[in-house]
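An overview of the molecular structure
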Amino acid sequence: MPLTILYRGPLSSCNYDCWYCPFAKRQESSAELARDRAALERFVAWVENQRSLEVSILFTPWGEALVRRWYQDALARLSALSHVARVAIQTNLSSPLEWIDACDRTRLALWTTYHPGEVERHRFVAKCRELDRRGVRYSVGVVGLKEHADAIEALRRELSAGIYLWINAYKDKPDYYGAEDIERFTRIDPLFPINNVRHPSLGKSCRTGNSVISVDGDGIMRRCHFIKEPI
């Protein structure tokens, strides 16, 4: 039975200071970090014992996880499991990448995010080049702020041609994009017009709670991150 799991533990700190993110530069105590580490290790041990399932896992932390060694170790352990089809994590690529050497790169994937106000573009691109050399599957995402349009276009020119660059539409302000903005971002990301719409979902067909679940650090399963009722 294939099962996709979105895991989000209690970690909520980040080394970046993006103004649109509520967890920017949040500091956590040693006790809070220890709780996150214990939760992650419990989850990994659970996955290791689910050999009757074909599992795919996406880590979507409220912060930057790969600056913590226990997340690097978790990806290595999970990618080595024959019943894990894919393990992926969202990351800003700020950490060193040597930990990848311990992973099975046929099962590892990275959802990388570029933050123009937090890192120089050439440093981020250098990390992407390193992923290319290491044979890691990855995509690059960036929040579609209009003031970052030049940087996003430059990034598209500098990334390898086969790497998808997706633009996360900024929806906090109604009618934020004009027609020219939409056309400009669509030239970079052909799926941007789809992302730029708030799609109605009530009553629509969905795999959540069936073959897709979310799990928090306490081991509580839900249909997805956005529905608080446990299953």
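Residues numbered from 1 in each chain as written. Predicted model: local features only at pLDDT ≥ 70, side-chain atom pairs only at ≥ 80, totals over all residues. Heavy atoms only, no water.

**Let's talk about the pattern of salt bridges**
Taken as a whole and assessed by the stated rule, the structure comprises 13 salt bridges. The partner of Arg69 in a salt bridge is Asp73, with the nearest N and O atoms 2.9 Å apart. Of this pair, Arg69 and Asp73 both sit in helix H2 (residues 69-79), 4 residues apart, roughly one helical turn. The partner of Asp150 in a salt bridge is Arg184, with the nearest N and O atoms 2.4 Å apart. One end of the pair, Asp150, is in helix H4 (residues 149-158); the other, Arg184, is in helix H5 (residues 179-188), with 34 residues separating them in the sequence. (Salt bridge = Lys/Arg side-chain N within 4 Å of Asp/Glu carboxyl O. Helix = DSSP H or I, 4+ residues; strand = E, 2+ residues; numbered from the N terminus.)

**A short note on the packing of aromatic side chains**
Using the criterion set out here, one finds 13 aromatic pairs in the structure. Between Phe43 and Trp46, the aromatic rings sit 6.4 Å apart at their centres with planes inclined by 20°, giving stacked as the arrangement. Placement of both Phe43 and Trp46 in helix H1 (residues 30-48) is noted, with a separation of 3 residues, approximately one turn of the helix. According to the relative accessible area criterion, Phe43 is buried, its value standing at 6%. On the numbers, 5.1 Å between centres and 45° between planes, the contact of Tyr114 with Phe124 is tilted. Placement of the pair is Tyr114 in the loop between strand E4 (108-113) and helix H3 (121-134) and Phe124 in helix H3, with a sequence separation of 10 residues. Accessibility assignment for this pair places Tyr114 and Phe124 in one class, buried. Aromatic ring contacts, followed pair by pair, group Trp19, Tyr170, Tyr176, Tyr177, Phe185 and Phe192 into a single cluster. Stacked on the ring of Trp62, the Lys or Arg Arg8 has its end atom at 3.9 Å from the ring centre. (Phe/Tyr/Trp six-rings, centres within 6.5 Å; stacked < 30°, edge-to-face > 60°. Buried < 20%, exposed > 50% of the residue type's maximum accessible area, 1.4 Å probe, protein only. Lys NZ or Arg CZ within 6 Å of the ring centre and 35° of its normal.)

**Observations regarding the pairing of E4**
With 5 of 6 residues buried, E4 lies mostly within the body of the structure. Sheet analysis places strand E3 (residues 84-91) next to E4, joined by 5 bridges and oriented parallel. Across the sheet, Val87 pairs through a bridge with Leu108, a residue of E4. Inspection of the sheet shows E4 paired to strand E5 (residues 137-143) by 5 bridges, in the parallel sense. Directly across from Ala109, in E5, lies its bridge partner Arg137. (Pairing = 2+ DSSP bridges.)

**Some details on the pairing of E3**
Where strand E2 (residues 54-59) and E3 come together, 5 bridges link them in parallel fashion. Across the sheet, Ile57 pairs through a bridge with Val87, a residue of E3. Read from E2 through H2 to E3, the crossover connection turns out right-handed. (Right-handed = clockwise from strand over helix to strand, strands pointing away.)

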